[in-house]
Amino acid sequence: MLNRMDKVNAQIKREIGTMILMGDINDPRLKFVTITYAQVSKDLRYAKIGFSVLNNSPQEIKEVQQGLNSARGYVRKLIGERVQMRYTPEINFVYDHS
């Protein structure tokens, strides 16, 4: 059975993945990105979002990281609209090495 934090993490991961898949984030650098996890802090103020890239070259990872960071404010705004939470978390994208 999932606890509350697991549900919040899963919903944020699903929403960000959907944003990228459906083209809500209109950045050509984000074509082959997969959101691997979302880890929201207990106070719901911060979220660490893991991503992986189809092509694991350092240049590709750097470009995707820049694309995600430039869209961070927009992603946070959309999360605030789509997910019912008391606070909209500050988002930090990190490359998932696994």
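Look up a bit, the structure's there.
Residues numbered from 1 in each chain as written. Predicted model: local features only at pLDDT ≥ 70, side-chain atom pairs only at ≥ 80, totals over all residues. Heavy atoms only, no water.

1. Focus: the overall build of the protein chain
Right, so step 1: Across its full length, the protein chain carries three helices and three strands.
Right, so step 2: Going residue by residue from the N terminus, the α and β elements of the protein chain occur as α-β-β-α-α-β.
Right, so step 3: Split into buried and exposed, the 98 residues of the protein chain put 37% on the buried side.
Right, so step 4: Taking all contacts inside the protein chain whose residues are at least 6 apart in sequence as the whole, residues at least 24 apart take part in 63%.
Right, so step 5: Distance from the positive charge centre (15 side chains) to the negative charge centre (10 side chains) of the protein chain: 5 Å. (Helix = DSSP H or I, 4+ residues; strand = E, 2+ residues; numbered from the N terminus. Buried < 20%, exposed > 50% of the residue type's maximum accessible area, 1.4 Å probe, protein only. Contact = heavy atoms within 4.5 Å. Lys, Arg positive; Asp, Glu negative; His and termini not counted. Charge placed at Lys NZ, Arg CZ, Asp CG, Glu CD.)

2. Describing the environment of V94
Right, so step 1: Here V94 is to be found in strand β3 (residues 90-95).
Right, so step 2: Along the sequence, V94 and F51 sit 43 residues apart, while their C-alpha atoms lie 6.4 Å from each other.
Right, so step 3: Aside from chain neighbours lying at most four places away, what touches V94 is Y37, K48, I49, G50, F51 and Q65.

3. As for the sheet that holds β3
Right, so step 1: Reading across from one edge, β1-β2-β3 is the order of the three strands in this open sheet, with mixed pairing throughout. Single-partner strands in this sheet number two, and they are β1 (33-40) and β3. Between one strand axis and the next, the sheet turns through 25 degrees on average, direction left out of account.
Right, so step 2: Pairing analysis gives six bridges linking strand β2 (residues 46-53) to β3, with the strands arranged parallel. Among the inter-strand pairings, Y46 is bridged to a residue of β3, identified as E90.
Right, so step 3: Of the strands in this sheet, β1, β2 and β3 are in contact with helix α1 (residues 4-21), which crosses β1 at around 150 degrees. (Pairing = 2+ DSSP bridges. Axes fitted to C-alpha atoms, helices over the stretch in contact; angles between N-to-C directions.)

4. Observations regarding the packing of aromatic side chains
Right, so step 1: Counted by the stated rule, this structure contains one aromatic pair.
Right, so step 2: On the basis of an interplanar angle of 65 degrees and a centroid distance of 5.7 Å, the ring pair of F51 and Y95 is categorised as edge-to-face. Separated by 44 residues along the polypeptide, F51 in strand β2 and Y95 in strand β3 bring together distant segments of the chain. Residues F51 and Y95 agree in their burial class; the two are buried.
Right, so step 3: When the ring centre of Y87 is taken as reference, the NZ or CZ atom of R45 above it lies at 3.6 Å. (Phe/Tyr/Trp six-rings, centres within 6.5 Å; stacked < 30°, edge-to-face > 60°. Lys NZ or Arg CZ within 6 Å of the ring centre and 35° of its normal.)

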